Amino acid sequence: MLSFFRISTAYKYAFWFLLLLALRLPIVLWGVPVLNPELKWVIVAEQMQRGFALYTDIWDNIPPLTALVNWLLYVVAGRNFFVSHIFVTFLIAVQAIVFNQILQSRQVFNEKTLLPALLYGAFMSLFLDFYVLSAPLLANTFLMIALGYIFAHLSEKRRINAVFEIGAYTGIATLFYFPSFTFLLVPTFAFMLYTPTAAKDYLLMYVAFFFTIGIAFLAFFLTGSEYDFWVCFFASHLQSHTYQYMDLLELLVLITPLVLLMLFFVGQSRSYRNYTNYQDRCQNVLFWWFWVGLFNVVLSRELSAFSFMPMLLAFVGTFTHFGLQFQVRWITELIFLVLVGAYLFFTYTTQHKQEIRLKIPFVEWANWRLTLPAQRLIAESTTENKALKGRKVWVSGFGVGTYLYAKPATPYLHRALADRHLAHLKEYNTLAA
């Protein structure tokens, strides 16, 4: 399969799109279970549609641009999760083509190839979290553009001073997904090592970033809610508790193969000398991007498989380098098929709520239940939830499954933010509010 898509030609785009649909449509048509983070984002959109102000009347840490996109989709389709999943499929298709074109136009590889689009579409279809309109998915659109400008600034033959664009697009990505700001470390480090970038250019990059954030502050300032914006979005990500939709062990099961393969790909790429100095620098940037993406997971306040989406940009680029250079083609094909098959297996077992039991010898818990994901990720349609259909309720915990049928009666959608009031009930002003 990788050999077929190695050379980019017009007719292969049709085959690539059919393959993407073959990966995603069975799961979408069979019915993706409603996930708790997805349900919460839809609830925010519903409240916004009813006239409630984000962060003032809706206490949640959802990024502002993510809330805006979810609201626009809600205006068009309402609470129709199937339409949302179809929209995500076409968004990923667009992202894959854009990313492929960016890598081709920046001459990151020696060949004009369709492998980045193939790999991106495949790896963005490998877990149930990747079928919902998540904040990391939306941020990826602008992060890949920023990555393209980083490559443009590194080019020796056609160097483009793109520091302002890098800062601006990273700022937009941050307004979609807060931990995205960490990717500014990549151009800062790369430009210091590989380019004669002046100090004023670094300053311009960070000014562009904060200028983008400042525009968002100005928008909330005009409505008198800039303090609520600060508390709910910025302060909550820096201070509040991280809610894990999946256990740490489950996340390690998912991410460990990607980390090991990344190290293997990079080690193999170092043995080839067919690339120019510029292309070697691009490989180093992808390597750093991967580890910064792994680090920014720590800053994610809703931890699940979708937290790893920004890392996949680097993984796809490095896998493409490996696929184009490694001489033993069948090993490359085998790695791709095994990786896709294993993750799709987890996706289907999760969709049908099947447990995987692994017998581990010489360990006390010899019959370990591997459930990917944990029940905290899927919004359960219970009898108790159905009994509250149409009623206004207040869920004081982290779970939002009750809102499958009920409506929020208070602004408190985020438990940690609700503690602004709930932890100070002895104060008169809190009780009055």
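Since the structure is predicted, the reported quantities are computational estimates derived from the model, not experimental observations.

Caption draft 1: Quick look at the overall build of the protein chain. In terms of regular secondary structure, the protein chain is built from 17 helices and six strands. Computed over the C-alpha atoms, the radius of gyration of the protein chain is 23 Å, within 12% of the 22 Å expected from 2.2 N^0.38 for a compact globule of 433 residues. The principal-axis extent of the C-alpha atoms belonging to the protein chain is close to 70 × 55 × 45 Å. For the protein chain, buried positions account for 56% of its 433 residues. Long-range pairs, those at least 24 residues apart, make up 75% of the contacts in the protein chain between residues at least 6 apart in sequence. Of the roughly 19100 Å² that the protein chain leaves accessible, carbon and sulfur atoms contribute 66%.

Caption draft 2: Structural context of helix 9 (residues 199-221). In a regular helix each residue adds 1.5 Å, so 23 residues correspond to 33 Å; helix 9 covers 32 Å between its end C-alpha atoms and thus fits that length. At its buried positions, helix 9 is contacted by helix 3 (64-77), helix 7 (163-176), helix 8 (185-194) and helix 10 (226-239).

Caption draft 3: Quick look at the packing of aromatic side chains. One pass over the structure, following the stated rule, counts 39 aromatic pairs. The interplanar angle of 65° and the centroid separation of 4.9 Å between the aromatic rings of Phe217 and Phe229 together place this pair among those described as edge-to-face. Here the residue Phe217 occupies a position in helix 9, and Phe229 occupies one in helix 10, the gap between them amounting to 12 residues. The exposure class assigned to Phe217 is partly exposed, which follows from its relative accessible area of 26%. For the pair Phe229 and Phe233, a centre-to-centre distance of 5.7 Å together with 5° between the ring planes defines the contact as stacked. Of this pair, Phe229 and Phe233 both sit in helix 10, separated by four residues, roughly a single helical turn.

Caption draft 4: Summary view of the nonpolar core. Phe123, Phe315 and Phe319 are the most contacted members of the largest nonpolar core, which totals 138 residues. Once you skip the residues sitting within four places of it in the chain, Phe315 turns out to touch Phe123, Leu258, Leu261, Met262, Phe265, Phe290 and Leu339.

Caption draft 5: Summary view of a nonpolar patch on the surface. A cluster of nonpolar side chains, namely Leu203, Val207, Phe211 and Ile215, defines an oily patch on the protein surface of about 400 Å² accessible area. Relative to the elements of secondary structure, Phe211 occurs in helix 9. The exposure class assigned to Phe211 is exposed, which follows from its relative accessible area of 51%.

Caption draft 6: Region of the structure containing the confidence of the model for the protein chain. Taken as a whole, the protein chain shows an average pLDDT of 86; of its residues, 92% reach a score of 70 or greater. No element of the protein chain has a lower mean pLDDT than strand 4 (residues 367-370), which averages 52, and none a higher one than helix 7, which averages 96.

Caption draft 7: Geometry of the environment of Phe322. Tracing the backbone through its elements, the reader meets Phe322 in helix 13 (residues 309-325). Residues Phe322 and Asn80, 242 residues apart in the sequence, show an inter-C-alpha distance of 40 Å. Excluding residues within four positions of it along the chain, Phe322 makes contact with Phe264, Phe265, Gln268, Ser269, Thr332 and Ile335.

Caption draft 8: Spotlight on the pattern of salt bridges. If you walk through the whole model with that rule in mind, you get five salt bridges. Among the ionic pairs, Asp60 bridges to Lys40, the shortest N-O distance being 3.1 Å. One end of the pair, Asp60, is in the loop between helix 2 (36-49) and helix 3; the other, Lys40, is in helix 2, and 20 residues separate them in sequence. On the accessibility criterion, Lys40 (4% relative accessible area) is buried.

Caption draft 9: Expanded view of the environment of Arg106. Position of Arg106 among the secondary structure elements: in the loop between helix 4 (81-105) and helix 5 (115-123). By relative accessible area, Arg106 is classed as partly exposed at 22%. The sequence separation of Arg106 and Leu39 amounts to 67 residues, and the corresponding C-alpha distance is 39 Å. The residues touching Arg106, leaving out its near neighbours within four places in the chain, are Gly148, Tyr149, Phe151, Ala152, Ile160 and Tyr278.

Caption draft 10: Expanded view of the packing of helix 1 (residues 10-30) against helix 5. Between helix 1 and helix 5, whose axes approach to 10 Å, the crossing angle comes to 10°. Classified by the angle their axes make, helix 1 and helix 5 are roughly parallel. Along its contact with helix 1, which presents Trp16, Leu19, Leu20 and Leu23, the element helix 5 presents Ala117, Leu118, Gly121 and Ala122. Among the residues forming the contact of helix 1 with helix 5, the class breakdown is seven nonpolar, one polar and no charged.

Quick notes on the rules
Residues numbered from 1 in each chain as written. Predicted model: local features only at pLDDT ≥ 70, side-chain atom pairs only at ≥ 80, totals over all residues. Heavy atoms only, no water. Helix = DSSP H or I, 4+ residues; strand = E, 2+ residues; numbered from the N terminus. Rg over C-alpha atoms; globule rule 2.2 N^0.38 Å. Buried < 20%, exposed > 50% of the residue type's maximum accessible area, 1.4 Å probe, protein only. Contact = heavy atoms within 4.5 Å. Areas by Shrake-Rupley, 256 points an atom, 1.4 Å probe, with all protein chains shown as cover. Expected span 1.5 Å × (residues − 1). Phe/Tyr/Trp six-rings, centres within 6.5 Å; stacked < 30°, edge-to-face > 60°. Core = buried A, V, L, I, M, F, W, Y, C linked by side-chain atoms within 4.5 Å. Patch = residues over 30% accessible without salt bridge, like charges linked within 9 Å, V, L, I, M, F, W, Y side chains within 5 Å. Salt bridge = Lys/Arg side-chain N within 4 Å of Asp/Glu carboxyl O. pLDDT = per-residue confidence, 0-100. Axes fitted to C-alpha atoms, helices over the stretch in contact; angles between N-to-C directions. Parallel < 35°, antiparallel > 145°, perpendicular 65-115°, else oblique. Nonpolar A, V, L, I, M, F, W, Y, C, P; charged D, E, K, R; others polar.

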